[in-house]
Amino acid sequence: MQVSLFVTCLVDQLRPEVGQATLALLEHAGCTVNFNPSQTCCGQPACNAGYEGEAQQVARHTMDVLAGDDPIVVPSGSCAAQLKHYADLFDAEDPDHARAVALAPRVHELSAFLVDQMNYDASGASFEGTLTWHDACHTLRELGVKDQPRHLLGQVAGAQLVEAPECETCCGFGGTFAIKMPEISVAMSDRKLDEIIALGVDSIVSTDISCLMQLGGRLISRGSNIRALHLAEILAP
Amino acid sequence: MSKKDPAIAELTANDFGPASRRALQDAPLRRALAKATNTFKGRREAALDEMPDWEALRTHGRAIKDETLSRLPHHLTRFIEQATAKGTQVHFAQDRAEACAWIGDLAERLEAKTVVKSKSMMTEEIGLNHALEARGLYPVETDLGEWIIQLAGETPSHIIVPAIHKSRESVAKLFEERLGAEPDLDAVRLTQLAREILRTSFLEAELGISGVNFAIAETGSFLVLENEGNARLTTSLPRVHVAIMGIEKLLPRWSDLETFLRLLPRSGTGQHLTSYQSIFTGPKRNPGDEGPDEMHVLILDNGRTDILADEVTRETLACIRCGACLNVCPVYAQVGGHSYGSVYPGPIGAILTPQLAGADQATPLPGASSLCGACRDVCPVKIDIPRILLHQRREVTRKLPWRAPFERLGFWVWARMASSPRLWRIGTYLIRPFVRFAGGSNLLSRGFCRLIPPLAAWSGGRSLPTPAKKSFRQQYEESRP
Ligand code: SF4
């Protein structure tokens with residue numbers, strides 16, 4: 001199957017190894033992966049902060065870059081949800097609205113794509129240690145993805161999944177919120193991290209690089225050695 | 001003073017930033033909040049476990065609300081006709097000044113020395129207590145939580161649990177200081193004491209003021225839900241009962257109550273039903289009957305017609321004030337209700353306050369959310385709060401374009417970069433080393449980091465992520481020429 005990879009700006013700039021792992025995974029799953037290097041960002045920061053014109057401009061560019069019929073795979077639930085909701089940015093009469101409507105069903109978050117579309121078997125991967133899953137808000141509530149990553153992690157040799165009761169609680173990132181209201185944002189992280197530290201796991205895993213940046217950054221500041229890992233890094237063959 | 005009187009009493013929503021930072025430093029407050037919100041969350045989930053048709057019920061509830069709002073004038077007319085026919089006197093007030101003046105006049109006409117009140121968010125919204133106090137009348141709150149708040153001279157911090165921010169210890173201390181109670185009473189003794197004092201007020205009161213949970217157009221009845229029996233006493237012992245409601249409280253039919261009586265208590269407190277449901281359809285008809293001689297309903301607009309006219313945000317008026325969105329909100333759980341500077345805190349407050357009072361009166365509130373969506377998931381009438389918050393953020397950047405000039409400039413530059421692959425490549429290539437440098441632990445790095453506001457804000461409690469030496473696209477292009 002031909003797929004188009006939208007790697008997201010944060011993976012591109014901050015964690016290219018997650019992009020590499022995603023690429024390797026998709027190829028291992030039997031996909032031919034097309035990566036268009038003209039891609040930039042999904043535009044969520046502007047949309048989130050209320051800059052509609054800017055968000056539209058970036059959305060138009062991204063729709064150009066992702067033109068075609070292939071499924072689009074995104075290693076981030078939040079960016080995937082943004083791509084899926086491009087239609088909300090345009091008036092119904094705007095031709096870009098129709099383009100956005102056509103784009104939406106092509107967009108897949110990585111774990112959902114692997115399980116629902118490829119019936120992927122992750123038993124070839126191995127990981128030593130205990131981990132807990134963080135249900136990123138948009139992955140869970142916008143895309144309804146909850147079981148797929150757990151299903152995959154369950155197949156990984158050696159990986160021991162320990163559920164945190166607050167797994168669905170927001171990490172506190174929230175895009176520009178993390179910078180506009182940093183004290184509240186950090187306090188929200190601490191609420192989750194207190195619980196996860198008490199669980200005694202080795203790693204927090206998620207499919208959203210922004211949550212991992214938030215939780216990982218806070219873990220370092222707190223002097224914890226729990227690692228914040230992307231699902232692709234664990235599943236990579 | 002030229003500043004227009006906001007539709008919400010004692011509004012200080014523009015101070016959300018400093019107020020929330022103060023709340024974060026208040027350890028007892030955060031302990032009380034965490035405990036209470038977790039309890040209510042747990043009870044709600046337990047109550048829903050027994051409701052397999054919950055989703056269908058929510059959809060139905062919302063459909064009824066949409067139907068009502070789409071023909072509100074019609075339903076209002078019907079309610080007035082029916083209520084009047086049953087002997088209830090119906091009145092209208094445009095704004096809070098009019099409403100407060102009308103109630104003050106009524107109390108004066110009755111020469112009421114004692115006025116009792118049951119819990120009502122509408123009376124909080126219009127600042128009724130202070131308005132009456134200014135006329136020398138002292139209404140007594142009879143809901144235990146509200147009474148505590150009144151005794152402490154505070155405002156409620158939750159729409160159904162007004163004293164949620166107070167621990168048992170702090171209430172015991174308050175009773176000791178204000179009422180001369182023995183020190184450190186337990187919850188039972190505290191409640192007993194409150195009951196004894198409140199009994200006298202009930203017996204003396206000439207006027208009872210209540211809110212309204214639902215008003216039925218078909219029959220001209222209205223319903224008040226509560227757990228303490230205080231609303232029942234407030235509305236039956238005094239000679240005159242006034243119920244205050246916003247125009248959006250209507251339901252078309254009696255049978256619609258079936259849906260909402262299932263939705264509201266489960267969402268709010270996790271109860272199958274509140275302990276008391278009082279339905280009012282007119283005053284007493286015969287001298288021997290129980291109940292008040294006079295029954296009045298005061299219907300208030302206070303900005304709601306404008307909300308109704310706005311297609312994008314209209315659904316805000318579907319809210320039944322259950323408080324579920326507050327209990328699940330991770331921001332509310334950290335900063336508490338007072339931080340919002342409005343009688344309506346939490347997610348519903350963040351969307352309702354700017355609509356009632358004007359975007360410029362509550363600019364930080366639409367931003368006081370990580371848009372996590374937990375509120376939308378629990379809302380019994382499916383209000384899409386994150387969508388409205390986003391809409392309001394756009395309104396703020398549109399109506400107050402120069403509120404944050406650097407942010408605006410930053411997004412302008414960023415959008416140009418992100419829509420041109422060449423500029424993006426050059427821009428990110430140039431920025432990466434700076435961010436790498438800012439993340440260093442030496443003095444120079446830390447000084448530099450402090451100069452760039454977004455980096456400084458991030459690194460206050462979180463280590464900065466280190467940009468890769470080579471981006472993914474560089475790596476990709478090098479490995480696959
Ligand atoms: S917005 Fe929904 S959840 Fe929040 S108080 Fe209103 S009805 Fe309840």
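For the structure itself, look to the data block above.
Residues numbered from 1 in each chain as written. Chains lettered and ligands numbered in written order. Predicted model: local features only at pLDDT ≥ 70, side-chain atom pairs only at ≥ 80, totals over all residues. Heavy atoms only, no water.

A short note on the overall build of chain A
- Each helix and strand in chain A was counted, giving 13 helices and 8 strands.
- On C-alpha atoms alone, chain A measures out to a radius of gyration of 17 Å, which is about the 18 Å that the 2.2 N^0.38 rule sets for 237 residues.
- In terms of overall dimensions, chain A has a C-alpha envelope of 55 × 45 × 25 Å along the principal axes.
- Sorting the 237 residues of chain A into buried and exposed places 65% on the buried side.
- In chain A, 77% of the contacts between residues at least 6 apart in sequence involve partners at least 24 apart. (Helix = DSSP H or I, 4+ residues; strand = E, 2+ residues; numbered from the N terminus. Rg over C-alpha atoms; globule rule 2.2 N^0.38 Å. Buried < 20%, exposed > 50% of the residue type's maximum accessible area, 1.4 Å probe, protein only. Contact = heavy atoms within 4.5 Å.)

Digging into the packing of aromatic side chains
- The full count for this structure, using the stated rule, is 13 aromatic pairs over all chains.
- With a centroid separation of 4.9 Å and 25° between ring planes, the pair formed by A:Tyr51 and B:Phe411 is classed as stacked. With one member in each of two chains, A:Tyr51 in the loop between helix H3 (44-49) and helix H4 (52-65) and B:Phe411 in helix H19 (residues 405-418) form a pair that bridges those chains.
- Using a relative accessible area of 4% as the deciding quantity, one classes A:Tyr51 as buried.
- We classify B:Phe411 as buried; its relative accessible area is 10%.
- Taken together, the ring pairs in this structure connect A:Phe35, B:Phe472 and B:Tyr476 into an aromatic cluster.
- It is B:Arg43 that lies over the ring of B:Phe40; its NZ or CZ is 5.6 Å from the centre.
- Sitting over the ring of B:Trp458, B:Arg462 keeps its end group 4.2 Å from the ring centre. (Phe/Tyr/Trp six-rings, centres within 6.5 Å; stacked < 30°, edge-to-face > 60°. Lys NZ or Arg CZ within 6 Å of the ring centre and 35° of its normal.)

Focus: the site of the ligand
Residues and elements named next belong to chain B.
- Near the ligand lie 13 residues; those nearest to it are Cys319, Cys322, Gly323, Cys325 and Cys379.
- Put simply, the ligand lies in the second largest cavity.
- Partitioned by chemical class, the residues of the shell around the ligand number 11 nonpolar, 1 polar and 1 charged. (Near = heavy atom within 4 Å. 1 Å grid on protein atoms, 1.4 Å probe; cavity = no way out; pocket = protein on both sides within 12 Å on 5 of 7 lines; lining within 4 Å. Sits in = over half its atoms within 2 Å of the grid points. Nonpolar A, V, L, I, M, F, W, Y, C, P; charged D, E, K, R; others polar.)

Things to note about the sheet that holds strand S8 (residues 250-251) of chain B
Residue and element names in this part refer to chain B.
- Ordered by their spatial adjacency, 4 strands build an open sheet running S8-S5-S6-S9, and the pairing between neighbours is mixed. Among the strands making up the open sheet, the edge pair consists of S8 and strand S9 (276-280).
- Note: strand S5 (residues 214-216) against S8, 2 bridges, orientation parallel. Across the sheet, the residue bridging to isoleucine 216 is leucine 251, located in S8. (Pairing = 2+ DSSP bridges.)

Description of the nonpolar core
- Judged by nonpolar contacts, the single largest core of 95 residues is most densely connected at A:Ile184, B:Phe214 and B:Ile383.
- When residues of this core are assigned to their parent elements, the largest contribution, 6 residues, is made by helix H16 (residues 346-357) of chain B.
- Setting aside residues no more than four positions away along its own chain, B:Ile383 makes contact with B:Arg62, B:Glu315, B:Thr316, B:Ala318, B:Cys319, B:Ile351, B:Arg376 and B:Ile388. (Core = buried A, V, L, I, M, F, W, Y, C linked by side-chain atoms within 4.5 Å.)

Some remarks on the environment of A:Asp202
Residue and element names in this part refer to chain A.
- Turning to its location among the elements, aspartate 202 is positioned in the loop between helix H11 (182-199) and strand S7 (203-206).
- In the structure, aspartate 202 is positioned 43 residues away from alanine 159 in sequence and 10 Å away in space, judged by C-alpha atoms.
- Those residues in contact with aspartate 202 that lie beyond four places of it in its chain are Gly129, Thr130, Asn225, Ile226 and Arg227.

What about the sheet that holds strand S2 (residues 32-34) of chain A?
All names here are of chain A.
- Strand order in the open sheet formed by 4 strands is S2-S1-S3-S4, and the pairing between neighbours is parallel. A strand with exactly one partner marks an edge of an open sheet, and here the two such strands are S2 and strand S4 (107-109). Averaged over all neighbouring strand pairs, the angle between strand axes comes to 35°, with direction disregarded.
- For strand S3 (residues 72-74) and S4, the ladder comprises 3 bridges, and the chain directions are parallel. Looking at the pairing, isoleucine 72 lines up with valine 107 of S4. (Axes fitted to C-alpha atoms, helices over the stretch in contact; angles between N-to-C directions.)

Examining the pattern of salt bridges
- Under the criterion given, the structure shown has 48 salt bridges over all chains.
- Put simply, A:Arg15 and A:Glu233 hold a salt bridge, and the shortest N to O gap is 2.7 Å. In this pair, A:Arg15 is assigned in the loop between helix H1 (9-13) and helix H2 (16-28) and A:Glu233 in helix H13 (residues 231-235), connecting sequence segments 218 residues apart.
- Look at A:Glu233 and you get partly exposed, because its relative accessible area is 26%.
- A salt bridge links B:Glu125 to B:Arg304, with the shortest nitrogen-to-oxygen separation between them at 2.8 Å. One end of the pair, B:Glu125, is in helix H6 (residues 121-125); the other, B:Arg304, is in helix H13 (residues 304-309), and 179 residues separate them in sequence. (Salt bridge = Lys/Arg side-chain N within 4 Å of Asp/Glu carboxyl O.)

Side note on unusual backbone geometry
- In this structure, A:Asn119 takes a positive phi of about 50° despite not being glycine.
- Mapping A:Asn119 onto the fold places it in the loop between helix H7 (110-117) and strand S5 (126-133).
- Located in the positive-phi region is B:Asp184, a residue other than glycine, with phi close to 55°.
- Among the secondary structure elements, B:Asp184 is positioned in the loop between helix H9 (168-179) and helix H10 (187-204).
- Among the residues examined, B:Asp184 registers a relative accessible area of 53% and is labelled exposed.

With respect to empty space enclosed by the protein
Residue and element names in this part refer to chain B.
- Tallied over the entire structure, the rule returns 3 cavities of 30 Å³ or more.
- Reported here for the largest cavity is a volume of approximately 140 Å³.
- What lines the largest cavity is a set of 19 residues, and nearest its centre among them are Cys329, Pro347, Ser369, Ser370 and Cys375.
- By volume, the second largest cavity is sized at about 90 Å³.
- If you trace the second largest cavity, you find 15 residues lining it, with Cys319, Cys322, Cys325, Cys379 and Pro380 closest to the centre.
- Per-class residue counts for the lining of the second largest cavity are 13 nonpolar, 1 polar and 1 charged. (Points joined across faces, edges and corners; volume = space filled by probe spheres on them.)

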